[in-house]
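# Architecture and fold: a report
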Amino acid sequence: MSSPLRLGIAGLGTVGIGVVKIVQKHADLLAKRSGRGIAITAISARDRMKNRDADISAYRWEDDPMAVAQAGDVDLYVELIGGDNGIARQSIEAALRSGKDVVTANKALLAMHGQELAELAESLGRVIRFEAAVAGGIPVIKTMTESLAGNGITRVMGVMNGTCNYILTRMESAGLPYEAVFEEARQLGYLEADPNLDVGGIDAGHKLAILSSIAFGTRVNFDAVEIEGIERVSIDDIRRAADMGYRIKLLGVAQITPRGLEQRMSPCLVPADSPIGQLAGGTNMVVVEGDSVGQIVLRGAGAGEGPTASAVMSDIVEVARGVRLPVFGQPATGLEPAQPARTAVPAAYYMRLELQDKPGALAKIASVLGDAGISIDRMRQYGHASDSSVPVLVVTHKTTPDAIDFAIEALPRTGVLVSDPVELRIEEV
Ligand code: NAP
Ligand code: HSE
C-alpha cells in the first residue's frame, strides 16, 4: 500500500467534526477502498478550548488555518470553515500554491469565486473537490461530472435548501403562518447564522449556480441567478394551492434557452403528487435531465453532520485514489461566460386575488387578463373572507412572465382588489 494521504482540516464545526468521526470510525474501510491509509495530521478552528464531540488530541492544533494550508506534512487541505471570502478563500489559495489538493463544502465561496479558484488550481495541477457544497449528502456533483458525462444536459432543477423545505411543509402540515414556523426553525437550529441566506433563497441560489456551471459548461455566475425567497409565501397561498392540487416549493431551475442561460430560484407551485411535491421536511431533491439518460431524480439529506461529512469523505477518497478531475467537469479556461436570460419560458401561473364582492368585479379581472393575453384555465371563488371581500383563485393556461407582469401591474387599477394580487409560477416537473 502507498503512503497514507495526510489531511489538514480547517473548521471543526458540524461538518468538520463529522469528517473526523468518519476518519476515525472507518480507518480500515477507507484504507481498503482508497488503496492507502487516510490520516489526519493537523487541525484548526477558532477556539482550541471548545469541547468537541470527538477525540482530537492526536492531531497537531494550529490556531491559524493558513498554517494547516501550508504545512509540509499535509497533502490534502480540507476547508470546512465557510464564508464566501476571508480566511476560507485565502487558505484555499495558499494550500493550492503550496502544492496541495483541496476539498471543501463551501458553496458560497465556489458560487462567488469558483472560476478564479478553478483556474488557479488547474494552472498549478491541483484539484478542488466539493461534493458536499450542493445538496449535502446527495452525490449530485459526481453524478453530473462523471455519470452523466455522455449527456447534453437540458435542465437541472430541484429543492436545494432543507430549511426552506422544512418551513414550507411545516406551514402546511401544522397550518401555521410563516413567522411562527420561522421561529420554530430558529429554535431547532436549522437556520444559518444569517437566516436570509436560507429564507432569502441565497444559499440555494449558490448551489444552483454551481450546478449550472457543471451542467452547461459555463462560468459559474451567481449574480445572474434570479432569486426570490420564501418570505412572501403565506399560509393562505399554501392552503389555496393545496385545494388546486399543488404544493409550494422553493424551486431552482437552470436551463439553456435560445436567449441564454436561465437560472432562477423562487417559490413555485408543483403538482402535489409529483416527486418534488411529495418532498417533505429538510430533505433535498435534485432533478437532472439529459438528452440520452432522460430524467434522473436524486433525493436525500441536504444538510447535517453525517450526510455532509459523507459527501466530504467521498471527495477525500477520490483524491486518495488518485482520481483527478477538472473542478467544474471540464478545464476552467474552456468554460464559456453564459449570456444571462431572464425567465421567458412560458408556464401556467397561479393567482390569488382578494376582490370586493360587488357586481362586475370578476368581469373586470377577466378583462385585464384578456388584455394581457392571458387565458384562464381554472377559476375558483371562495366564500367571504370578510364582510366585503372574496378570495378568487385563477390558474392560467401557459403564458409568459411578461404577460403576468403586465397583468399584476394593471389589476390594482381595476379598483376591485382589496389587497395586492399574488402570483406564483406553476413549474412542470
Ligand atoms: P460551523 O458548524 O459553523 O463550523 C465552522 C467551523 O469553522 C468552526 O469549527 C469554527 O471554529 C471554524 N472557524 C470559523 N472561523 C474560523 C477562523 N477564522 N479560523 C479557524 N477556524 C474558524 O459550520 P458547518 O456547518 O460545519 O459548515 C462548514 C462548511 O460546510 C460551510 O462552508 C457550510 O456552508 C458547508 N456546509 C454545511 C452543511 C451543514 O449541514 N452544516 C451542509 C453543506 C455544506 P470554532 O468551532 O472554534 O468556533
Ligand atoms: N442551510 C442549508 C440548508 C444547509 O438548509 O439546506 C445546507 O447547505
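Residues numbered from 1 in each chain as written. Chains lettered and ligands numbered in written order. Predicted model: local features only at pLDDT ≥ 70, side-chain atom pairs only at ≥ 80, totals over all residues. Heavy atoms only, no water.

An unreviewed UniProt entry lists the protein chain under the name Homoserine dehydrogenase, with Paracoccus methylarcula given as the organism. In UniProt, the protein chain has this text filed under Sequence similarities (unreviewed entry): "Belongs to the homoserine dehydrogenase family." (UniProt positions renumbered as here; feature names shortened; annotations may be inferred.)

## Things to note about the pattern of salt bridges
For the structure shown, the criterion picks out 33 salt bridges. Note that Glu-93 is salt-bridged to Arg-89, the shortest N-O span being 3.1 Å. One end of the pair, Glu-93, and the other, Arg-89, are both in helix α4 (residues 86–97), 4 residues apart, so they sit about a helical turn from each other. As a salt-bridge pair, Lys-107 and Asp-203 come within 3.2 Å of each other at their nearest N and O atoms. Separated by 96 residues along the polypeptide, Lys-107 in helix α5 (residues 107–123) and Asp-203 in helix α10 (residues 202–216) bring together distant segments of the chain. Among the residues examined, Asp-203 registers a relative accessible area of 3% and is labelled buried. Through salt bridges with shared partners, a single ionic network connects Arg-155, Glu-262, Arg-264, Glu-289, Arg-425 and Glu-427. (Salt bridge = Lys/Arg side-chain N within 4 Å of Asp/Glu carboxyl O. Helix = DSSP H or I, 4+ residues; strand = E, 2+ residues; numbered from the N terminus. Buried < 20%, exposed > 50% of the residue type's maximum accessible area, 1.4 Å probe, protein only.)

## What about the packing of α5 against α10?
Taken N-terminus to C-terminus, the directions of α5 and α10 make an angle of 55°; their axes are 9 Å apart at the nearest point. Judged by the angle between their axes, α5 and α10 are oblique. In the packing of α5 onto α10, the handedness of the crossing is left-handed. The residues of α10 that touch α5, namely those facing Lys-107, Ala-108, Leu-110, Ala-111 and Met-112, are Asp-203, His-206, Lys-207 and Ile-210. (Axes fitted to C-alpha atoms, helices over the stretch in contact; angles between N-to-C directions. Parallel < 35°, antiparallel > 145°, perpendicular 65-115°, else oblique. Left-handed = near helix turned anticlockwise from the far one by under 90°. Contact = heavy atoms within 4.5 Å.)

## Some thoughts on the site of ligand 2
Residues in contact with ligand 2, as listed here, are Lys-107, Asn-161, Gly-162, Thr-163, Glu-192, Asp-198, Asp-203, Lys-207, Gly-302 and Ala-303. Backbone polar atom of Gly-162 to an oxygen atom of ligand 2: 2.8 Å apart, as the coordinates give it. At a separation of 2.7 Å, a nitrogen atom of ligand 2 approaches a polar side-chain atom of Asp-198. Sorting the residues of the shell around ligand 2 by element identifies α7 (162–174) and α10 as the ones contributing at least two each. Tallied by class, residues from the shell around ligand 2 come to 1 nonpolar, 4 polar and 5 charged. (Near = heavy atom within 4 Å. Polar contact = N/O pair within 3.5 Å; in protein donor to acceptor, adjacent residues only side chain to side chain. Nonpolar A, V, L, I, M, F, W, Y, C, P; charged D, E, K, R; others polar.)

## A short note on the pairing of strand β9 (residues 246–257)
Counting buried positions along β9 gives 10 out of 12 residues, so the element sits mostly inside the fold. Where strand β7 (residues 153–159) meets β9, 4 bridges bridge the pair, whose relative direction is antiparallel. Directly across from Arg-155, in β9, lies its bridge partner Gln-255. Summarising the sheet, β9 and strand β10 (residues 260–271) pair through 12 bridges and their orientation is antiparallel. Within β10, the residue paired with Thr-257 across the bridge is Gly-260. The antiparallel hairpin formed by β9 and β10 contains 2 residues in its connecting segment. (Pairing = 2+ DSSP bridges.)

## Remarks on the domain arrangement of the protein chain
How large an interface is tends to be reported as the accessible area lost when its parts come together. By the assigned domains, the protein chain splits into domain 1 (2–104), domain 2 (140–302) and domain 3 (348–426). Centre-to-centre separation of domain 1 and domain 2, based on C-alpha positions: 30 Å. (Domains from an automatic or database assignment.)

## Some remarks on the pairing of strand β1 (residues 2–10)
Where β1 meets strand β2 (residues 36–44), 7 bridges bridge the pair, whose relative direction is parallel. Across the sheet, Ile-9 pairs through a bridge with Ile-43, a residue of β2. Bridge analysis of β1 against strand β4 (residues 76–79) gives 4 bridges, and the strand direction is parallel. Residue pairing for β4: Ala-10 is matched across the bridge by Glu-79.

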